[in-house]
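Okay, here's what each chain looks like letter by letter:
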Amino acid sequence: MLKTHRLTATSALVIAASLLLAVNLLAGLTLKGWKLDMTENRLYTLSDGTRRILAQLGEPVTLRFYFSHQQFSDNPVIATYAQRVEELLEEYAAASDGRLRLIVEDPDPYSEAQEQAARFGLQGVPVDTHGGFAYFGLVGSNAVDDIRRIPFFQPEQEDALEYTVSKMIYALAHPRKPVVGLISGLPISAGSGGDNPLFGEQSRDWFALSQIKQSFEVMPLQADSTQIPASVDVLMLVYPRDLSEGLLFAIDQYVLAGGRALVFLDSFSETDTSLPQVTSADQGYVEAVRSADLQPLLHAWGLQLVPDQVAADRRVATSVTTSSGTAIDYIVWLTLHQQYLNPEDFVTADLNTLVMASAGYLYKRPDASTRITPLIQTSDQAMSLEAGYIKYGTKPTDLLQMYSVGGSPLVLAARVRGEIESAFPTPPPTVATSQRLLRSREPANLIVVADSDLLADRFWVDFQDFYGRQVAVTRADNGAFVLNALENLSGSNDLIGLRSRGPSARPFTRVSALKEAAERQFRAKERALQLKLGETEQQINELRQQKETEGKLIISPEQRASLRELQLEQLGIRKELRAVQHDLTRSIEELGNRVKLLNLGLVPLLIVLLAGVIGSLRLRRRRRVSCAPD
């Protein structure tokens, strides 16, 4: 009997193992493409825009993924990211219905694959002293041997991974780039000082422009031009100051004929460092002109840029560090998160953060016939602030003291749609034209932004050296906003939803919130200490001015007692600061220990509980069977 039971148990184990193996093999063959993506931003699920791009591929596209497995095996960050990239590329191939072919290469040192990677222009990382390189990049080609490449996948740019790959595939499928006509009053391009030679030349394009050039052909236009070329798909105006009447009329006619435009105005430009202009010979002084409006076109489009006013908002203020090392909210530099961006518009729906500096604001004119849709707004706590306070260098602390809640949001960027009339009832005398439009041929589609500083590198992107190559690390989605707008206006919506999907690594938000709260408390106490120190120094200076005999400071017993009290109070505040830092560290450690306990103990505990429940149910079933009458 015992041998029979053992044989039965052994047979059951063999059968169970065989079934498990068979199920795994069957699942591997039939369910290979089945996945369940439970990440917050659906990082492992292709966007609808990507699927449309793949479905519209008319000719096959080949992607060659180069990754040096052995050379990067000691770098867990890059190794993990490479696995994510390869899995995403496999999703592309699976969703393309055979129109996209993926080739994975492991370029070992001195191998043929390494020679290919170098020949294609991928970024090699030195791994030894003998000239060996490691690679982590992608090369794409189409049927006519057009080549596109991603030289090196930067883990810091993981949130733009799908967009970067899809943009490469889209470029291979559509070799012709849309044309962007650029009119700029700021030094946005390399080797130029904008329309003002006093800017001086710069060595490289602004990063926003370099991103634009990857997807568009940029055609610079001069401020004294009298026509917009017919080949321009989208007109981009950056800080359009001192445009000739002929160019304004050309822009007017371009929009009336159905042309699309992206316009960056400004009530106060922090990037315009050109020399001031004399406002009046009688005044005897010069006044800096650092704003750019677009009248009379803006009125014809139904918008008004509030002159000499900027938006200030304590709720979305950017934290800056003063010369004394103290962090403070700068209410005219705005860090705008998703709740202040229009979730229903293609241009802003998938953005996370925008940074704007001394931005103006727009409002719809009462006589407007167009439909104005806000894209970017402040909070309802914003106030209007005279630009002169920024122009003459008012300190952030003084601006905070002046701040008062406005009560309604201010529009920082808007989309303009609808029928418009010409801003020029009669053409300018300097323009010779035989035919002109008085009304739009089709509904206009324009995007107007009340800030041009958001394009400047210093507000949203940092540059790091990566083995001799400058790598951009973005802090905000300003560049994505510009590309979204251009692609939307040029008629390409498929790429828009692919940006800023978020990284696969999830931060400890509770830990970050706890740290930020403690740091705010620490900064408040630090400011109190600085004020006390300032008062002490002021009293000492007053005493020195009042009584000074033979180079020695003489103070009364009362004054000496007052200083001693201040010194004791100073020591007490410093002690409180140390206590805050200690509590901060202890709170983070306690939270980390709780997280570790949950990670290590929760799943085993759930398994034990589940096993207990199943065992209890089986025991009850056996008891019912044994107690049942024969």
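J.: Before we go on, may I ask you to explain the packing of aromatic side chains in this structure?
T.: For any pair of aromatic rings, the description rests on two quantities: the centre-to-centre distance and the angle between the ring planes. Across all of its chains, the model carries 14 aromatic pairs by this definition. With 6.5 Å between their ring centres and 5 degrees between their planes, F65 and F67 make a pair best called stacked. A single burial state applies to F65 and to F67, both of which are buried. Centroid distance F72 to F152: 6.3 Å. Interplanar angle 70 degrees. Geometry classified as edge-to-face. Of this pair, F72 sits in the loop between β1 (61-67) and α3 (76-95) while F152 is found in the loop between β6 (147-150) and α5 (161-173), placing the two residues 80 residues apart along the sequence. For the cation-ring pair, R204 lies above F463, with the distance from its terminal atom to the ring centre recorded as 3.9 Å.

J.: It is not clear to me how the sheet that holds strand β2 (residues 100-105) should be interpreted in this structure. Could you clarify?
T.: Think of a sheet as strands paired side by side through backbone hydrogen bonds, with each pair either parallel or antiparallel. Spatially, four strands are ordered β2-β1-β5-β6 in an open sheet, and the strand pairing comes out mixed. Looking at the sheet topology across the chains shown, the edges are occupied by β2 and β6. Neighbour-to-neighbour, the strand axes of this sheet turn through a mean angle of 15 degrees, independent of strand direction. Against the sheet, α5 contacts β1, β2, β5 (136-141) and β6, and its axis sits at roughly 175 degrees relative to β6.

J.: So what exactly am I meant to see when it comes to α5 here?
T.: Working note: α-helix, 3.6 residues per turn, so residues spaced by three or four point in the same direction. Counted at 1.5 Å a residue, the expected span for α5 with its 13 residues is 18 Å, and the 19 Å between its end C-alpha atoms agrees. Most of α5 is tucked away: ten of the 13 residues are buried.

J.: I tried to follow a nonpolar patch on the surface on my own but got confused; where do I start?
T.: On the surface, a nonpolar cluster with roughly 290 Å² of combined accessible area is contributed by L605, L606 and L609. Note that L609 resides in helix α13 (residues 557-627).

J.: So what exactly am I meant to see when it comes to the nonpolar core here?
T.: In summary, soluble globular proteins display a tendency toward joint burial of nonpolar side chains. In terms of nonpolar packing, the biggest core is built from 73 residues, with M236, F264, I376, L455 and V482 touching the most fellow members. Apart from the residues within four sequence positions on either side, F264 is in contact with M236, L237, V238, Y239, P240, V449, D451, S452, L454, L455, F481 and V482. V232, A250, A414 and V431 belong to the second largest nonpolar core, which has 40 residues in total.

J.: Sorry if this is basic, but what is going on with the side chain of Q154 here?
T.: When you line up the elements, Q154 lands in the loop between β6 and α5. Apart from residues lying up to four places away in sequence, Q154 is in contact with Y81, F466 and V471.

J.: Quick question: what am I supposed to make of the pairing of strand β9 (residues 234-238) here?
T.: One face of the sheet, then the other: side chains in a regular strand alternate in exactly this way. When you tally the buried positions in β9, you get five out of five residues, the bulk of the element. Here β9 shows a buried face lined by V234, M236 and V238 and a second buried face lined by L235 and L237. Pairing between strand β7 (residues 179-184) and β9: five bridges, direction parallel. Each bridged residue has a counterpart across the sheet, and for I183 the counterpart in β9 is L237.

J.: Just checking my understanding: could you explain the environment of R99 for this structure?
T.: Structurally, the position occupied by R99 is in the loop between α3 and β2. In sequence terms R99 and T62 are 37 residues apart; their C-alpha atoms lie 8.6 Å from each other. Apart from residues lying up to four places away in sequence, R99 is in contact with L54, A55, L57, E59, P60 and V61.

J.: Even after reading the chapter, I still don't get the pattern of salt bridges, so can you show me in this structure?
T.: In a structure, side chains of opposite charge can pair up when their charged atoms sit close to one another. Applying the stated criterion across every chain, the model contains twelve salt bridges. Across the pair R84 and E158 runs a salt bridge whose closest N-O atoms are separated by 2.9 Å. Of this pair, R84 sits in helix α3 while E158 sits in the loop between β6 and α5, placing them 74 residues apart in sequence. Here R84 matches E158 in class, with each residue buried. Salt-bridge contacts for R475 lead to D462; the nearest nitrogen and oxygen are separated by 2.9 Å.

J.: Looking at this structure, how should I read the sheet that holds strand β17 (residues 353-357)?
T.: Read from one edge of the open sheet, three strands run β15-β16-β17, paired in antiparallel fashion. Since the sheet does not close on itself, it has two edges, and those belong to β15 (317-321) and β17, each with one partner. Sheet twist, expressed as the average angle between the axes of neighbouring strands with direction ignored, equals 45 degrees. Pairing of β15 with strand β16 (residues 327-337), which is carried by five bridges, proceeds in the antiparallel orientation. Looking at the pairing, V320 lines up with I328 of β16.

J.: Hey, could you run me through a positive patch on the surface in this one?
T.: A surface patch of positive charge is lined by R618, R620, R621, R622, R623 and R624. By the secondary structure assignment, R622 is in helix α13. Owing to a relative accessible area of 64%, R622 belongs among the exposed residues under this scheme.

J.: Would you explain the packing of helix α6 (residues 207-215) against helix α11 (residues 478-489) in this entry?
T.: Relative placement of two packed helices is described by the angle separating their axes and the distance separating the axes. Look at α6 against α11: their axes get within 9 Å of each other, and the N-to-C directions meet at 35 degrees. Crossing of α6 against α11: the hand is right-handed. Side by side, α6 and α11 meet where Q211, I212 and S215 of the first sit next to G479, V482, L483, L486 and E487 of the second. Split by residue class, the contact of α6 with α11 holds four nonpolar, three polar and one charged.

Cut-offs and rules
Residues numbered from 1 in each chain as written. Predicted model: local features only at pLDDT ≥ 70, side-chain atom pairs only at ≥ 80, totals over all residues. Heavy atoms only, no water. Phe/Tyr/Trp six-rings, centres within 6.5 Å; stacked < 30°, edge-to-face > 60°. Buried < 20%, exposed > 50% of the residue type's maximum accessible area, 1.4 Å probe, protein only. Helix = DSSP H or I, 4+ residues; strand = E, 2+ residues; numbered from the N terminus. Lys NZ or Arg CZ within 6 Å of the ring centre and 35° of its normal. Pairing = 2+ DSSP bridges. Axes fitted to C-alpha atoms, helices over the stretch in contact; angles between N-to-C directions. Contact = heavy atoms within 4.5 Å. Expected span 1.5 Å × (residues − 1). Patch = residues over 30% accessible without salt bridge, like charges linked within 9 Å, V, L, I, M, F, W, Y side chains within 5 Å. Areas by Shrake-Rupley, 256 points an atom, 1.4 Å probe, with all protein chains shown as cover. Salt bridge = Lys/Arg side-chain N within 4 Å of Asp/Glu carboxyl O. Core = buried A, V, L, I, M, F, W, Y, C linked by side-chain atoms within 4.5 Å. Lys, Arg positive; Asp, Glu negative; His and termini not counted. Charge placed at Lys NZ, Arg CZ, Asp CG, Glu CD. Left-handed = near helix turned anticlockwise from the far one by under 90°. Nonpolar A, V, L, I, M, F, W, Y, C, P; charged D, E, K, R; others polar.

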